[in-house]
Amino acid sequence: ASIEGLYDLTNTVAVGGKFARRTGDVRFAAEGEQWIRNDAALYALRLRRRTVLGVDAMISYRWLRSSESADSAKGALVGLGKSVDDNLRLSLGYNFTRFDDRLTNDDYDIKGWFVNLVGFY
């Protein structure tokens, strides 16, 4: 489950955040039949600024935490985006962390470039 919001401070600056929580169990082959808790929580803060020609610059700081394993990861994500039309936004960015905000990927190999396409009405 997750909740996310973005608030326009001015015509050019918006701030926001996200909270996501995953609960579940996982079983590793090396551990046989034993299931262990695999809960995780994601916290993110975001700053978006509209620049020239309607291009948005965005920076997000993210923190992924697992209370059961006492493990955490932190880092930033940056991106540039532009509305293609009234209902479509295209963004390109770089994720400096090794995780994403889906919380379904346990590989922690997400670091790198990304393309994001968002439709809305």
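Small disclaimer: the values here were computed from a predicted structure and weren't measured.

Caption draft 1: Broad picture of the overall build of the protein chain. Counting its secondary structure elements, the protein chain contains 0 helices and 9 strands. What you see in the protein chain, going N to C, is helices and strands ordered as β-β-β-β-β-β-β-β-β. Sorting the 121 residues of the protein chain into buried and exposed places 27% on the buried side.

Caption draft 2: Looking closely at the pairing of strand β6 (residues 55–66). Residues Asp 56, Met 58, Ser 60, Arg 62, Leu 64 and Ser 66 line the buried face of β6, whereas the alternating positions Val 55, Ala 57, Ile 59, Tyr 61, Trp 63 and Arg 65 sit on a face that is not buried. Bridge analysis of strand β5 (residues 40–50) against β6 gives 10 bridges, and the strand direction is antiparallel. For Leu 47, the partnering residue across the bridge sits in β6 and is Ile 59. Where β6 lies against strand β7 (residues 71–85), 12 bridges are found, and the strand directions are antiparallel. What sits directly across from Ser 66, in β7, is Asp 71.

Caption draft 3: Focus on a nonpolar patch on the surface. Judged by side-chain polarity, Ile 3, Phe 19, Tyr 43, Leu 45, Tyr 61 and Trp 63 come together as a nonpolar surface patch covering roughly 600 Å² of accessible area. Elements supplying a minimum of two residues to the nonpolar patch: β5 and β6. Positionally, Ile 3 belongs in strand β1 (residues 2–8).

Caption draft 4: Fine view of the environment of Ser 2. Inspection of the secondary structure puts Ser 2 in strand β1. Classification of Ser 2 as exposed rests on a relative accessible area of 52%. When the C-alpha positions of Ser 2 and Ala 20 are compared, they lie 4.0 Å apart, and in sequence the two are 18 residues distant. Residues within four places of Ser 2 in sequence aside, it is in contact with Lys 18, Phe 19 and Ala 20.

Reading guide: rules and limits
- Residues numbered from 1 in each chain as written.
- Predicted model: local features only at pLDDT ≥ 70, side-chain atom pairs only at ≥ 80, totals over all residues.
- Heavy atoms only, no water.
- Helix = DSSP H or I, 4+ residues; strand = E, 2+ residues; numbered from the N terminus.
- Buried < 20%, exposed > 50% of the residue type's maximum accessible area, 1.4 Å probe, protein only.
- Pairing = 2+ DSSP bridges.
- Patch = residues over 30% accessible without salt bridge, like charges linked within 9 Å, V, L, I, M, F, W, Y side chains within 5 Å.
- Areas by Shrake-Rupley, 256 points an atom, 1.4 Å probe, with all protein chains shown as cover.
- Salt bridge = Lys/Arg side-chain N within 4 Å of Asp/Glu carboxyl O.
- Contact = heavy atoms within 4.5 Å.

Remember that the coordinates give geometry; whether it matters functionally is a separate question.
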